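Below, each chain spelled out in residue letters.
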Amino acid sequence: MDLSYEVDSPLAPPVELLEQLAHYDWSFQDGGQTQSSSPSVFLRKLSDQRGQTVFLQHSIPIMTEEMARNALLSFVNSRCCYGNRAAGELVIQDLRQQMLYRYRLETFSESRLSEWTFQPYTNHSVDGPKKGTSPRPWDIKVHVPPMFQEETKKFQVPHSSLVKDCHKCQGRGRYKCSGCHGAGTMRCASCSGAKRKAKQSRRCQVCSGSGRKRCSTCSGRGNKTCATCKGEKKLLHFIQLVITWKNSLFEFVTEHHMNFPEELLAKVRGENIFKDENVMVYPIVDFPKQEISLASQRGIAEHSTALAGRSRVLQQRQTVELIPLTEVQYWYQGKSYLYYIYGLENKVYAADYPERYCCGCTII
């Protein structure tokens, strides 16, 4: 059999190998993939019946000196290189507490992508065009995961299968070994093919005096099994539907005017004071803090623009939380310092804590 080398074979099947299915209305683009547009009915699905908006009662305690000291003690005791003497002896001079508003918009959407793919054909039945018309992308019914939980699933589209010779090995199932060029043996590296080592009368023990030894790449066969078709010679090509459920997040936190890293607020809980969930939510209006109303309008507009025509929106949820942030000014050994307490967990950020013995610990 006249085998070719693996490196000379194409990486992907030629486009003309996969004729278009005449009754199939997905237009494949570069790379054999296309993003399927969601049905317009979903894009216009602003619910006529607005879901009930829920305002929740809240009660965040005022930060006291005792609470502030205990939060700092808990913080330093959890760090291997922080001493607790300063936390116990410091004199708190001022507590400045702020309530920050955090607005979050979650949009749970579904997108569908079609692509040609293949697998070795093992003589099983073929679900091809002769068995019926392939359904359109959004006509394929699937089980939707729980709302706001991301997931990706792949499905074989019914009646889209075609059997073709393997493009990698040209339907032979094997390649010529590149190590021995199909011979099955290679020149002995020990004696360089001379059958005897230099200046020695006895024959080479590695190759038993033959000057050649079995090729380790192909185990002496002279060829290797095609990794693409696994030696089956044929491939089953079919259209694969890739469905992605994604939870897009928009977040906004009101300004605090403190020397505190805002990114830390994303890691803590706040007191939930507002919740609105529906197929599609409306912007918040007349909220006591105008920045929240504006953020709601901006977030909904951004998600609508980003997902329009590409994804189907399944559910949206917007919430507003109160996050406590307290700046603690204290005096220790003649110097003034600051630390911050944030979130319902009373986490501490102390960048200039005076009793630190090494620089290998995280300070947040």
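Here the structure is a predicted model, which means the values were calculated and not measured.

Observations concerning the overall build of the protein chain
Here's step 1: Across its full length, the protein chain carries four helices and 14 strands.
Here's step 2: A burial count over the protein chain gives 41% of its 364 residues as buried.
Here's step 3: Within the protein chain, contacts between residues separated by at least 24 positions form 82% of all contacts whose residues are at least 6 apart in sequence.
Here's step 4: For the protein chain, the accessible surface area stands at approximately 20,600 Å², while carbon and sulfur atoms represent 48% of it.

Quick look at helix H2 (residues 65-77)
Here's step 1: A rise of 1.5 Å per residue sets the reference length of H2, with its 13 residues, at 18 Å; its end C-alpha atoms lie 18 Å apart and thus fit the reference within 8%.
Here's step 2: Of all the positions in H2, only Ala-68, Ala-71, Leu-72, Phe-75 and Val-76 are classed as buried. The buried residues of H2 occupy an angular sector of 125 degrees when the element is viewed end-on, so they sit on one face. Those residues of H2 that are exposed and aimed more than 90 degrees away from the buried face are Glu-66 and Asn-77.
Here's step 3: Buried residues along H2 sit in contact with helix H3 (85-89), strand E3 (91-120), strand E12 (312-332), strand E13 (335-342) and strand E14 (347-349).

Describing the confidence of the model for the protein chain
Here's step 1: Looking at the protein chain, the pLDDT average stands at 84 and 82% of residues meet or exceed 70.
Here's step 2: Counting contacts from residues 27-31, a segment whose pLDDT is below 50, to residues more than four positions away or on other chains yields nine contacts.
Here's step 3: Contacts of residues 40-52 to residues separated by more than four positions or lying in other chains number 19 contacts, the stretch itself having pLDDT below 50.

Focus on helix H4 (residues 290-307)
Here's step 1: End to end, H4 covers 26 Å across 18 residues, agreeing with the expected 26 Å (1.5 Å per residue, within 8%).
Here's step 2: In this fold, the buried residues of H4 make contact with E3, strand E10 (234-253) and E12.
Here's step 3: In the stretch just after H4, Gly-309 is the one whose phi turns positive, near 80 degrees.

Quick notes on the state of the cysteines
Here's step 1: In the structure shown here, the tally under the stated rule is zero disulfides.
Here's step 2: Left unpaired, Cys-169 is separated from the closest cysteine sulfur, that of Cys-166, by 3.7 Å.
Here's step 3: The class for Cys-169 is buried, based on a relative accessible area of 1%.
Here's step 4: We note that Cys-204 lacks a disulfide partner, and the nearest cysteine sulfur, in Cys-207, lies 3.8 Å from it.

Quick look at the pattern of salt bridges
Here's step 1: Taken as a whole, this structure holds twelve salt bridges when the rule is applied.
Here's step 2: One salt bridge in this structure joins Lys-153 and Glu-151, with 3.7 Å as the shortest N-O distance.
Here's step 3: Classification of Lys-153 as partly exposed rests on a relative accessible area of 28%.
Here's step 4: Notably, a salt bridge pairs Arg-269 with Glu-345, separated by 3.6 Å at the nearest N-O pair. One end of the pair, Arg-269, is in the loop between E10 and strand E11 (271-278); the other, Glu-345, is in the loop between E13 and E14, and 76 residues separate them in sequence.
Here's step 5: Glu-345 gets classed as partly exposed once you look at its relative accessible area, which sits at 32%.
Here's step 6: Within this structure, Arg-102, Arg-104, Glu-251 and Glu-321 form a network of salt bridges that share partners.

Looking at the nonpolar core
Here's step 1: Residues Leu-72, Tyr-339, Ile-341, Val-348 and Tyr-353 are the most contacted members of the largest nonpolar core, which totals 20 residues.
Here's step 2: Elements supplying a minimum of two residues to this core: H2, H3, E12 and E13.
Here's step 3: The element that contributes the greatest number of residues to this core is H2, accounting for five residues.
Here's step 4: When sequence neighbours within four positions are dropped, the list of residues in contact with Leu-72 reads Ala-87, Leu-90, Tyr-339, Val-348 and Tyr-353.
Here's step 5: Membership of the second largest hydrophobic core comes to 15 residues, among which are Phe-250, Ile-273, Ile-292 and Ile-300.

As for the packing of aromatic side chains
Here's step 1: Tallied over the full model, the rule gives twelve aromatic pairs.
Here's step 2: Ring geometry for Tyr-330 against Tyr-337: centres 5.5 Å apart, planes inclined by 20 degrees, an arrangement best described as stacked.
Here's step 3: According to the relative accessible area criterion, Tyr-330 is buried, its value standing at 1%.
Here's step 4: Three or more aromatic residues link up through ring pairs in this structure, and these residues are Phe-260, Tyr-340, Tyr-342 and Tyr-349.
Here's step 5: In this structure, Arg-298 packs its charged tip against the face of Phe-252, placed 5.7 Å from the ring centre.
Here's step 6: One cation-aromatic arrangement involves Arg-317 over Phe-148; the distance from NZ or CZ to the ring centre is 4.0 Å.

A closer look at unusual backbone geometry
Here's step 1: The backbone of His-159 shows a phi angle near 65 degrees, a positive value even though the residue is not glycine.
Here's step 2: Secondary-structure assignment places His-159 in the loop between strand E4 (151-156) and strand E5 (162-165).
Here's step 3: Of the residues examined, His-159 reaches a relative accessible area of 18% and is grouped as buried.
Here's step 4: Phi at Gln-333 takes a positive value of approximately 50 degrees, unusual for a residue other than glycine.

Quick look at the environment of Asn-247
Here's step 1: Assignment of secondary structure puts Asn-247 in strand E10.
Here's step 2: For the pair Asn-247 and Glu-150, spaced 97 residues apart in the sequence, the C-alpha separation amounts to 6.1 Å.
Here's step 3: The residues touching Asn-247, leaving out its near neighbours within four places in the chain, are Glu-106, Thr-107, Phe-108, Phe-148 and Glu-150.
Here's step 4: Side chain to side chain, Asn-247 and Glu-106 meet in a polar contact 3.0 Å long.

Rules used throughout
Residues numbered from 1 in each chain as written. Predicted model: local features only at pLDDT ≥ 70, side-chain atom pairs only at ≥ 80, totals over all residues. Heavy atoms only, no water. Helix = DSSP H or I, 4+ residues; strand = E, 2+ residues; numbered from the N terminus. Buried < 20%, exposed > 50% of the residue type's maximum accessible area, 1.4 Å probe, protein only. Contact = heavy atoms within 4.5 Å. Areas by Shrake-Rupley, 256 points an atom, 1.4 Å probe, with all protein chains shown as cover. Expected span 1.5 Å × (residues − 1). Arc of directions from axis to C-beta. pLDDT = per-residue confidence, 0-100. Disulfide = S-S within 2.5 Å. Salt bridge = Lys/Arg side-chain N within 4 Å of Asp/Glu carboxyl O. Core = buried A, V, L, I, M, F, W, Y, C linked by side-chain atoms within 4.5 Å. Phe/Tyr/Trp six-rings, centres within 6.5 Å; stacked < 30°, edge-to-face > 60°. Lys NZ or Arg CZ within 6 Å of the ring centre and 35° of its normal. Polar contact = N/O pair within 3.5 Å; in protein donor to acceptor, adjacent residues only side chain to side chain.

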